[in-house]
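# Coordinate analysis (summary)
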Amino acid sequence: MPGTKPRAALAMDPKAADAVLKPAVRRRLGEVVELAEPVLSDFTTAAASRVLPGVELLITGWGCPPLDAAVLAQAPRLRAVAHTAGSVRGHLTEECWARGIEVSTAAAANAAPVAEYTLAMILLANKRVLPAARAYRQQRSRDDWLLPDPQLGNYRRTVGILSASLVGRRVIELLRAHELRILLYDPYVGEAEAAALGVAKAGLAELFAASDVVSVHTPLLAATRHLVSGEMLALLRDGATLINTARGAVVDQEALTEELRGGRIRAVLDVTDPEVPPVDDPLWECENALLTPHLAGSQGNELDRLAESALQEVRRWAAGEGFAHAVRPEQKELLA
C-alpha cells in the first residue's frame, strides 16, 4: 500500500539497545519505520518467530546473533540490515551476502572516538606523561624542570600507522595538525594515495625500525594474526611505544609481554588477546604498559553519534535512497 512504512525490528543485546537507541531515538525511528517489539537477542524464541516473518529491515547492534540460513528462512521479506556499531563480521553470514541483503554500518561514526583516543595516547607517549607522572608521585619532588633529552617530546617525531582503515585514516587526519612525520604500512595503498593522505609508505620492518610510536589499526584476518610479531617488536627503537586499539590478536602478546618485561619499550593496549587477560597474566604487572578496558570505542555520550548515524541510514533506506555507509560484498573479507 502506498505510504506504508517498512516494518523493522531491533536485534541486539537489550542493554545495547537501551544504551544506544534511547526512547527519543526510537520515537524518531518510528516516524520512518514500523518498529516491532520486543528487542530480539535470540532468534530461536517465540517472539522472534512472531516478528521475523514480517520484517524488512533489521537494526542490529552489539550482541546480535548470527543471521544464518535458519534465521533468514524465518525472514523472507528481510531486505536490509542497519548496524548501530562497527564490525558486522560477528552476525553477517555468507547467506546474507548471497541473498543480496543491503548492509550498513556505523563504523565511520565509531572510528571518531577511537581516533581521538589514539591521538591522545600518541601525544602523551612521546611526552612520556605517564611514566613521568608515576615518578613524580613516587618522589614528590623533581630534579630538574628543563629536560633536554632529544627523545622526549612531539616535535618531528615519527609515528607509524598500521593500516589505512577507517580509524587509521582518521588518525592520520588528526595528526596533520602536529609537526610529526607519519609512516604508513598498508599493502592496499599505493604511492599516489599515500601522498594524497600526506604520509610516506613504508615496509613493515622499515616502519617498526623508524617509528617512535607504532599505532595498530589493522583488522584481524588470517593474514594479520600476529602481524606485530616478536621480530617486528625487536626492531622498535629503545623507548618506543606500541599502541593497539584494533584487535588483540594482531599482536603476538607473548612476545610483547617479554619485550615489556625487559623494559625496553612501552605499550598502550586498549585490546588484548584474550579480551581480558587472566588475572595472573604477567602483562598486568608491566608498569610500562597502560591497559584500558576497550575504552577507545564509543562510550557515554559518544553512543549518541552511533544512534544518529543509524537513524540517518534508516531514513535514507526507507526513502529509497540507499545507505550512505553501505558495506559491499567485495569488502567482506577485509572487515574488522
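Please read these numbers as outputs of a predicted model, since none were measured by experiment.

Let us look at the pairing of strand β10 (residues 241-244). Burial along β10 is two-sided: T241 and I243 and L242 and N244, pointing in opposite directions, are all buried. For strand β9 (residues 213-216) and β10, the ladder comprises four bridges, and the chain directions are parallel. When the sheet's bridge partners are listed, V216 is paired in β10 with N244. Crossover handedness for the path β9 to helix α11 (residues 230-235) to β10: right-handed. Note that β10 and strand β11 (residues 266-269) share four bridges and pair parallel. Across the sheet, residue I243 finds its bridge partner in β11, namely V268. Of the crossover connections in this fold, the one passing from β10 over helix α12 (residues 253-262) to the parallel β11 is right-handed.

We now examine a nonpolar patch on the surface. A contiguous nonpolar surface patch, about 190 Å² in accessible area, is contributed by L124, V129 and L130. Relative to the helices and strands, L130 resides in helix α7 (residues 129-139). Here L130 falls in the partly exposed class, since its relative accessible area comes to 37%.

Take the sheet that holds strand β4 (residues 80-83) next. Sheet strands pair by backbone hydrogen bonding; their relative direction is either parallel or antiparallel. One open sheet accounts for five strands, arranged β2-β1-β3-β4-β5; its pairing is parallel. Of all strands in the sheet, those bounded by a partner on one side alone are β2 (34-35) and β5 (102-104). In the sheet, β4 pairs with β5 via three bridges, with the strands oriented parallel. From the neighbouring strand, V81 faces β5, where its bridge partner is V103.

Bringing the UniProt feature "domain: D-isomer specific 2-hydroxyacid dehydrogenase NAD-binding" (unreviewed entry) in the protein into the picture now. UniProt feature "domain: D-isomer specific 2-hydroxyacid dehydrogenase NAD-binding" (unreviewed entry): in the numbering of this structure it lies at residues 120-296. In residues 120-296, helix accounts for 33% and strand for 15%; the two terminal C-alpha atoms are 11 Å from one another.

The strand order β8-β7-β6-β9-β10-β11-β12 describes an open sheet built from seven strands, whose pairing is parallel. Because the sheet does not close on itself, it has two edges, and the strands there are β8 (200-201) and β12 (289-291). Pairing of β11 with β12 involves three bridges; the strand directions are parallel. Among the inter-strand pairings, A267 is bridged to a residue of β12, identified as A289. Its contacts with the sheet place α12 against β10, β11 and β12, and it is angled at close to 135° to β11.

Looking now at unusual backbone geometry. For the peptide bond that leads from E37 to P38, omega is 0°, which places it in the cis range. Mapped onto the fold, P38 is located in the loop between β2 and α3 (46-51). Following D273, the chain continues into P274 via a peptide bond in cis, with omega recorded as 5°. Turning to its location among the elements, P274 is positioned in the loop between β11 and β12. Phi at R128 takes a positive value of approximately 55°, unusual for a residue other than glycine.

Reading the values: rules and limits
Residues numbered from 1 in each chain as written. Predicted model: local features only at pLDDT ≥ 70, side-chain atom pairs only at ≥ 80, totals over all residues. Heavy atoms only, no water. Buried < 20%, exposed > 50% of the residue type's maximum accessible area, 1.4 Å probe, protein only. Helix = DSSP H or I, 4+ residues; strand = E, 2+ residues; numbered from the N terminus. Pairing = 2+ DSSP bridges. Right-handed = clockwise from strand over helix to strand, strands pointing away. Patch = residues over 30% accessible without salt bridge, like charges linked within 9 Å, V, L, I, M, F, W, Y side chains within 5 Å. Areas by Shrake-Rupley, 256 points an atom, 1.4 Å probe, with all protein chains shown as cover. Salt bridge = Lys/Arg side-chain N within 4 Å of Asp/Glu carboxyl O. UniProt positions renumbered as here; feature names shortened; annotations may be inferred. Contact = heavy atoms within 4.5 Å. Axes fitted to C-alpha atoms, helices over the stretch in contact; angles between N-to-C directions.

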